[in-house]
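A structural walkthrough
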Amino acid sequence: MKIYKKILVPAAIVFLMVMKANAQVNYAAEVLTMGAGARPLAMGGAFVGDANDATAAYWNPAGLATIDDIEITTMHATQSDLQSYDYANVAFQTDFGSYSFSYLQLGVDGINITGSTPTILGTAQYSDQAEYLSGGWKLGNNLAIGASLKVLQTNAYTASAFGIGSDFGILYKPFKELGIGLVGRDITGGSYISWSNTPTNPTQVLSPSITLGLSYTKEFGKRTESGTAAVPGSTLTVNLDVDTLYAGEALNNYHLGVEYWFRQFVALRGGFETKGFQFDNDDFTPSAGVGIWAYLFEIDYAYVSNSIGGMNYISLITRL
């Protein structure tokens, strides 16, 4: 209990400061809003209280402490040939915690460049990138903490931007079925992105935000032996996340997701994200997906709808 007080009380103070500072949101790095992994994205991005695979580096770095092997995750997504999004991650366990390296890139190719006339002078590319160095550490059987350092880069024609940010997360499991997660993003007073080769070379700030996540998992049926592990007949997980990304607009962002596994082989998923419970085309984002886990490999697919169309995600997780 003493170690819980030493960690949770200072963390609670930090998160209260984050909420107070989050009076205005200016989320400049779009790549940070895209999510990671087809599995969490199929569940509406509700994963902070679950965070039990390598994509925890993005959602809640404390979840990396649950990794008990080496995991390699890759993901590719496209949206109506307008843009592409790629994610790669490797996570591994050591005697001193679990660690992860992640790379995210959002890109648009073939942007036409014109002058004072409609004549096309050439084409350009837009690239928004982030690199994560993350770690997760167990503090007893039920509590874990984690942190990420983010390096942010943007290239848009001749202009470019650079910034650094950090995230901090807590994952607490009072009992096996329930997970409670808390994440502070850009917690060091905001993350600053400085532009160069522009007329004014502005500095944009990613305001601090917090996310609270709850996860509940229920097993059904008898467990059966599969190799050295006992596999449940089926499991149902329900996740709920609330974040303060839009607190400056007096709104919270809500994420709800459901995942059903049959014999740890086939998964069905669904969920949604809504801004302030405004269920219209601009503020309501439904999602769905499937997954297959065969031996060392898990293949996941997600479709996320939005006001300008849909985005298809496919992930491959390799566990060694």
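Placed above this text is the structure.
Criteria and thresholds
Residues numbered from 1 in each chain as written. Predicted model: local features only at pLDDT ≥ 70, side-chain atom pairs only at ≥ 80, totals over all residues. Heavy atoms only, no water. Helix = DSSP H or I, 4+ residues; strand = E, 2+ residues; numbered from the N terminus. Buried < 20%, exposed > 50% of the residue type's maximum accessible area, 1.4 Å probe, protein only. Contact = heavy atoms within 4.5 Å. Areas by Shrake-Rupley, 256 points an atom, 1.4 Å probe, with all protein chains shown as cover. 1 Å grid on protein atoms, 1.4 Å probe; cavity = no way out; pocket = protein on both sides within 12 Å on 5 of 7 lines; lining within 4 Å. Points joined across faces, edges and corners; volume = space filled by probe spheres on them. Nonpolar A, V, L, I, M, F, W, Y, C, P; charged D, E, K, R; others polar. Pairing = 2+ DSSP bridges. Phe/Tyr/Trp six-rings, centres within 6.5 Å; stacked < 30°, edge-to-face > 60°. Lys NZ or Arg CZ within 6 Å of the ring centre and 35° of its normal. Salt bridge = Lys/Arg side-chain N within 4 Å of Asp/Glu carboxyl O.

Moving on: the overall build of the chain. A tally of helices and strands in the chain yields three helices and 18 strands. Burial status across the chain gives 44% buried among its 320 residues. Across the chain, every contact between residues at least 6 apart in sequence was considered, and the portion connecting residues at least 24 apart equals 52%. Counting every atom, the chain has about 15600 Å² of accessible surface; 62% of that belongs to carbon and sulfur.

So, about the layout of surface pockets. Empty space left among the atoms is revealed by rolling a probe the size of a water molecule over them. Approximately 1500 Å³ is the volume found for the largest pocket. Along the wall of the largest pocket there are 40 residues; nearest its centre are N52, R223, P232, Q264 and W293. Among the elements of the structure, β10 (209–220), β12 (229–231), β13 (234–243), β14 (253–262) and β16 (284–294) are those that each provide at least two residues to the lining of the largest pocket. The element that contributes the greatest number of residues to the lining of the largest pocket is β10, accounting for five residues. For the lining of the largest pocket, a count of residues per class yields twelve nonpolar, twelve polar and 16 charged.

This part takes up the pairing of strand β15 (residues 266–275). Bridging between β14 and β15 involves ten bridges; their strand directions are antiparallel. If you follow N253 over to β15, its bridge partner there is K275. Hairpin remark: β14 followed by β15, antiparallel, with three residues in the connecting loop; positive phi at R263, about 50°.

Turning our eyes to something else, we now look at unusual backbone geometry. If you check the backbone angles, N197 has positive phi at about 60° while not being a glycine. You can see N197 is positioned in the loop between β8 (191–196) and β9 (203–206). Its relative accessible area of 55% is what places N197 among the exposed residues. Despite not being glycine, Q264 shows a phi value in the positive range, around 50°. In this fold, Q264 is placed in the loop between β14 and β15. Its relative accessible area of 22% is what places Q264 among the partly exposed residues.

This paragraph deals with the packing of aromatic side chains. What the rule picks out here adds up to eight aromatic pairs. Between F272 and F284 the ring centres are 5.4 Å apart and the planes differ by 45°, which places this aromatic pair in the tilted class. Of the two residues, F272 is situated in strand β15 and F284 in strand β16; the sequence distance between them amounts to twelve residues. Among the residues examined, F272 registers a relative accessible area of 21% and is labelled partly exposed. Taken together, F47, Y58, W59 and Y132 form an aromatic cluster joined through their ring pairs. Here R319 stacks its cationic end above the ring of W293, 4.3 Å away from the centre of that ring.

Before going further, it helps to examine the pattern of salt bridges. If you walk through the whole model with that rule in mind, you get eleven salt bridges. Taking the shortest distance from any N to any O, the salt bridge between D186 and K150 comes out at 2.9 Å. In this pair, D186 is assigned in the loop between β7 (178–185) and β8 and K150 in strand β5 (residues 143–156), connecting sequence segments 36 residues apart. You can call D186 buried: its relative accessible area is 0%. A relative accessible area of 1% places K150 in the buried class. Residues joined in a network through salt bridges with shared partners are R39, D50, D53, E71, E259, R269, E298, D300 and R319.

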